[in-house]
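Each chain is listed here by its residues.
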Amino acid sequence: MPTYLDAQISQNSGSFGSPLIPVTSTPALFGTLGLITAGAGPNLRVQFKATVTIGGSLIAPIVVPSVIIEIVRGLGGPGVGTTVYRAVMPLFLITTPTSTEVITIVGSDFLPPNPGFLTYQAFVSLTIGPLNRVGPESFNALAASD
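First, a word on what this report is: a plain description of the structure on this page.

### Regarding the pattern of salt bridges
Stage number 1. Following the criterion strictly, the structure yields four salt bridges and no others.
Stage number 2. With a closest N to O distance of 2.7 Å, R73 and D109 form a salt bridge. Note that R73 is positioned in strand β5 (residues 66–73) and D109 in strand β7 (residues 100–110), a separation of 36 residues in sequence. For the residue pair R73 and D109, the accessibility class agrees, reading buried in each case.
Stage number 3. E137 serves as the salt-bridge partner of R133, at 2.7 Å between the closest nitrogen and oxygen.
Stage number 4. For E137, a relative accessible area of 0% puts it in the buried group.

As structure tokens, this is what we get:
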């Protein structure tokens, strides 16, 4: 029977129309959370879920862009912390300035090191643009062990 250690939510935006900022090829932080893992048994695992909504811009892309969502253990972003999840998904449905696409990922970090507290960050970027982050944006995680 698993023991649930901690669960956290980082809600950057709960509604459409916010944050309404461009998304580029540079990974942009949209969620940070910390989980208490002190007292974990031998099989520590963290399960996470993230949602980002991407919308069209006034300039339609010539090539279909892909959105990249990365979950990083630690602070500082991709290349600094440990990337535990990376998804690349084409945005075929964004064809007009009013088009939107909701992207949700689910993943896990199995047997991470256990210093007693783990930090995770969620980042979003595009292969090409220009598109916008139009919300909602959410990131949540749960730590459990045996």
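From this point, the discussion proceeds with the structure in view.
### What about the sheet that holds β5?
Stage number 1. Ordered by their spatial adjacency, four strands build an open sheet running β3-β8-β5-β6, and the pairing between neighbours is antiparallel. With partners counted over all chains shown, the strands left at the sheet margins are β3 (28–36) and β6 (82–90), one partner each. Averaged over all pairs of adjacent strands, the angle between strand axes in this sheet comes to 15°, irrespective of strand direction.
Stage number 2. Where β5 and β6 come together, eight bridges link them in antiparallel fashion. In the strand pairing of β6, I68 is matched with V88.

### Notes on the nonpolar core
Stage number 1. Among the nonpolar cores identified, the biggest contains 27 residues, and I54, I71, L91, I105, Y120, V124 and F139 are the most heavily contacted of them.
Stage number 2. In this structure I105 touches F48, K49, A50, I69, I71, Y85, A87 and M89, once residues within four positions along its chain are discounted.

### What to know about a nonpolar patch on the surface
Stage number 1. A cluster of nonpolar side chains, contributed by V64, F92 and L93, occupies part of the molecular surface with about 330 Å² of accessible area.
Stage number 2. Looking at the element boundaries, V64 is found in the loop between β4 (45–55) and β5.

### Regarding the pairing of strand β9 (residues 131–145)
Stage number 1. Most of β9 sits inside the fold, with 12 of its 15 residues counted as buried.
Stage number 2. Direction of pairing for strand β1 (residues 3–13) relative to β9: antiparallel, over a ladder of nine bridges. Across the sheet, the residue bridging to S10 is F139, located in β9.
Stage number 3. One ladder, built from three bridges, connects strand β2 (residues 21–23) with β9; its direction is antiparallel.

### Remarks on the side chain of S66
Stage number 1. Tracing the sequence through the fold places S66 in strand β5.
Stage number 2. Residues within four places of S66 in sequence aside, it is in contact with V88, M89, P90, L91, S125, L126 and T127.

### Describing the packing of aromatic side chains
Stage number 1. This structure, assessed with the given rule, holds one aromatic pair.
Stage number 2. A ring pair is formed by F48 and Y85, whose centres lie 5.8 Å apart and whose planes are at 85°; its orientation type is edge-to-face. Of this pair, F48 sits in strand β4 while Y85 sits in strand β6, and the two are 37 residues apart along the sequence.
Stage number 3. Its relative accessible area of 3% is what places F48 among the buried residues.

### What about the side chain of D109?
Stage number 1. Judged by its relative accessible area of 5%, D109 falls in the buried class.
Stage number 2. A polar contact of 2.7 Å, which involves the side chain of D109, links it to the side chain of R73.
Stage number 3. Filtering out sequence-adjacent residues up to four positions away, D109 remains in contact with L44, R45, V46, F48, R73, V84 and Y120.

### A few points about unusual backbone geometry
Stage number 1. Omega for the peptide link from S18 to P19 comes to 20°, which places this bond in the cis form.
Stage number 2. Looking along the chain, the bond that leaves G135 and enters P136 is cis, with omega of 5°.
Stage number 3. We note that L20 has phi near 50°; this positive angle belongs to a residue other than glycine.
Stage number 4. With respect to the helices and strands, the residue L20 is situated in the loop between β1 and β2.
Stage number 5. Of note, the phi angle at L111 is positive, near 60°, even though the residue is not glycine.

Each value, and the rule that gives it
Residues numbered from 1 in each chain as written. Predicted model: local features only at pLDDT ≥ 70, side-chain atom pairs only at ≥ 80, totals over all residues. Heavy atoms only, no water. Salt bridge = Lys/Arg side-chain N within 4 Å of Asp/Glu carboxyl O. Helix = DSSP H or I, 4+ residues; strand = E, 2+ residues; numbered from the N terminus. Buried < 20%, exposed > 50% of the residue type's maximum accessible area, 1.4 Å probe, protein only. Pairing = 2+ DSSP bridges. Axes fitted to C-alpha atoms, helices over the stretch in contact; angles between N-to-C directions. Core = buried A, V, L, I, M, F, W, Y, C linked by side-chain atoms within 4.5 Å. Contact = heavy atoms within 4.5 Å. Patch = residues over 30% accessible without salt bridge, like charges linked within 9 Å, V, L, I, M, F, W, Y side chains within 5 Å. Areas by Shrake-Rupley, 256 points an atom, 1.4 Å probe, with all protein chains shown as cover. Phe/Tyr/Trp six-rings, centres within 6.5 Å; stacked < 30°, edge-to-face > 60°. Polar contact = N/O pair within 3.5 Å; in protein donor to acceptor, adjacent residues only side chain to side chain.

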